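Observations on the three-dimensional arrangement
One-letter residues, chain by chain:
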Amino acid sequence: SLIMKPQVVFVLGGPGAGKGTQCSKIVEGYNYTHLSAGDLLRAERAREGSECGQLIANYIKEGKIVPVEITINLLKQAMEETMQKDEKKFRFLIDGFPRNEDNLQGWNTVMDGKADVKFVLFFDCGEEVCIDRCLERGKSSGRTDDNRESLEKRIQTYLQSTRPIIELYETHGKVRTVDASRSVDEVFADVKAILDKEG
Ligand code: UP5
Ligand code: MG
């Protein structure tokens, strides 16, 4: 049977911009599999016998970006598992990755020629909104980084390391920007328009 090359949309935006929320809505109506790099890292952190659990825990709490060797393996494994189970599932939303130069280099090294990056879906949102949403979620999320101290660091990392990656893709005409400061449904209406056109 024909093995399809994975088709990837990178989903980026600040902490709490709504990446996960919008990806969940996308998979309801479109043939995409949602892979959140953060969720994969949190699962690996919790896995018994993991050799990098403590390292991941420290990085997440500090709002720092985990070395790509760890993240890329989790992503690659998740993509392979998905495609092995169902060969029609070759379209992926990769949420929260690549976040810095190291991430991008790791992706290019490991995935070069093995996947097509169609575009970057960028949820654009001011930092006040990001902080408010994460603090609100922090009341019940149990996430170790939904507190003011970690959030300051996550925002700094986002501005210093992730924005330049988005800007790099922008120079290649590969960014689709959505104003993520509006309601979930308003944001999703724009997402739908993008996916209906080129998704
Ligand atoms: N909400 C969502 N949309 C809303 C809207 N339009 N209006 C009002 N409220 C809205 O949403 C956040 C909260 O806001 C929720 O309560 C939601 O209901 C509400 P969510 O959809 O979860 O936003 P999201 O952008 O996914 O926020 P998240 O906190 O997941 O973003 P981060 O990018 O900070 O977190 P992630 O899990 O991707 O990464 C966490 C950490 O893992 C990183 O800081 C880093 O340390 C590490 N990491 C790596 O090292 N490498 C990676 O590749 C990925 C992660
Ligand atoms: Mg998320």
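The sections below set out a description of the structure shown in this document.

Calculation criteria
- Residues numbered from 1 in each chain as written.
- Chains lettered and ligands numbered in written order.
- Predicted model: local features only at pLDDT ≥ 70, side-chain atom pairs only at ≥ 80, totals over all residues.
- Heavy atoms only, no water.
- Near = heavy atom within 4 Å.
- Polar contact = N/O pair within 3.5 Å; in protein donor to acceptor, adjacent residues only side chain to side chain.
- Areas by Shrake-Rupley, 256 points an atom, 1.4 Å probe, with all protein chains shown as cover.
- 1 Å grid on protein atoms, 1.4 Å probe; cavity = no way out; pocket = protein on both sides within 12 Å on 5 of 7 lines; lining within 4 Å.
- Points joined across faces, edges and corners; volume = space filled by probe spheres on them.
- Helix = DSSP H or I, 4+ residues; strand = E, 2+ residues; numbered from the N terminus.
- Nonpolar A, V, L, I, M, F, W, Y, C, P; charged D, E, K, R; others polar.
- Patch = residues over 30% accessible without salt bridge, like charges linked within 9 Å, V, L, I, M, F, W, Y side chains within 5 Å.
- Salt bridge = Lys/Arg side-chain N within 4 Å of Asp/Glu carboxyl O.
- Lys, Arg positive; Asp, Glu negative; His and termini not counted.
- Charge placed at Lys NZ, Arg CZ, Asp CG, Glu CD.
- Phe/Tyr/Trp six-rings, centres within 6.5 Å; stacked < 30°, edge-to-face > 60°.
- Buried < 20%, exposed > 50% of the residue type's maximum accessible area, 1.4 Å probe, protein only.
- Lys NZ or Arg CZ within 6 Å of the ring centre and 35° of its normal.
- Axes fitted to C-alpha atoms, helices over the stretch in contact; angles between N-to-C directions.
- Parallel < 35°, antiparallel > 145°, perpendicular 65-115°, else oblique.
- Left-handed = near helix turned anticlockwise from the far one by under 90°.
- Contact = heavy atoms within 4.5 Å.

This part takes up the site of ligand 1. Around ligand 1, a shell composed of 30 residues is seen, among which Thr21, Lys64, Val66, Arg99 and Arg137 lie nearest. Taking Lys64, its main chain carries an N or O atom lying 2.7 Å from an oxygen atom of ligand 1. At a separation of 3.3 Å, a nitrogen atom of ligand 1 approaches a polar side-chain atom of Arg133. Isolated, ligand 1 exposes 1,000 Å² of accessible area, and the fraction of that covered by the protein chains is 85%.

With that settled, consider the layout of surface pockets. Space inside the largest pocket adds up to approximately 820 Å³. In terms of lining, the largest pocket is formed by 42 residues, of which the most central are Pro15, Gly16, Lys19, Arg143 and Arg154. When residues of the lining of the largest pocket are traced back to their parent elements, those giving at least two are α1 (19-29), β2 (33-36), α2 (37-46), α6 (127-141), α7 (148-171) and α8 (184-198). When residues in the lining of the largest pocket are grouped by element, the largest group, five residues, is from α2. Considering only residue class, the lining of the largest pocket consists of 13 nonpolar, 17 polar and 12 charged. Counted as a void, the second largest pocket has a volume near 200 Å³.

Let's shift gears to a negative patch on the surface. On the surface, Glu127, Glu128, Asp132 and Glu152 cluster together into a patch of negative charge. No other element matches the three residues that α6 contributes to the negative patch. Residue placement: Glu152 occurs in helix α7.

Below, the discussion takes up the packing of aromatic side chains. Tallied over the full model, the rule gives four aromatic pairs. Here the aromatic rings of Phe10 and Trp107 are separated by 5.0 Å at their centres, their planes lie at 75°, and the arrangement is edge-to-face. Placement of Phe10 in strand β1 (residues 7-13) and of Trp107 in helix α5 (residues 101-111) is noted, with a sequence separation of 97 residues between them. The pair Phe10 / Trp107 is uniform in exposure class, with both members buried. Look at Phe10 and Tyr169: their rings are 6.1 Å apart centre to centre, the planes differ by 65°, and that puts the pair in the edge-to-face class. Taken together, the residues span a long stretch of sequence, with Phe10 in strand β1 and Tyr169 in helix α7 at a distance of 159 residues. By relative accessible area, Tyr169 is classed as buried at 10%. In textbook terms, an aromatic cluster arises when at least three aromatic residues are bridged by ring pairs, as seen for Phe10, Phe97, Trp107 and Tyr169. Against the face of Tyr59 rests Lys64, its NZ or CZ located 4.9 Å from the ring centre.

Moving on to the packing of α2 against helix α3 (residues 53-61). At a closest axis distance of 8 Å, the pairing of α2 and α3 adopts a crossing angle of 135°. With respect to each other, α2 and α3 are oriented oblique. Crossing handedness for the pair α2 and α3: left-handed. Residues Leu41, Arg42, Glu44 and Arg45 of α2 lie in contact with α3, whose contacting residues are Gly53, Ile56, Ala57 and Ile60. Looking at the contact of α2 with α3 residue by residue, the class counts come to four nonpolar, one polar and three charged.

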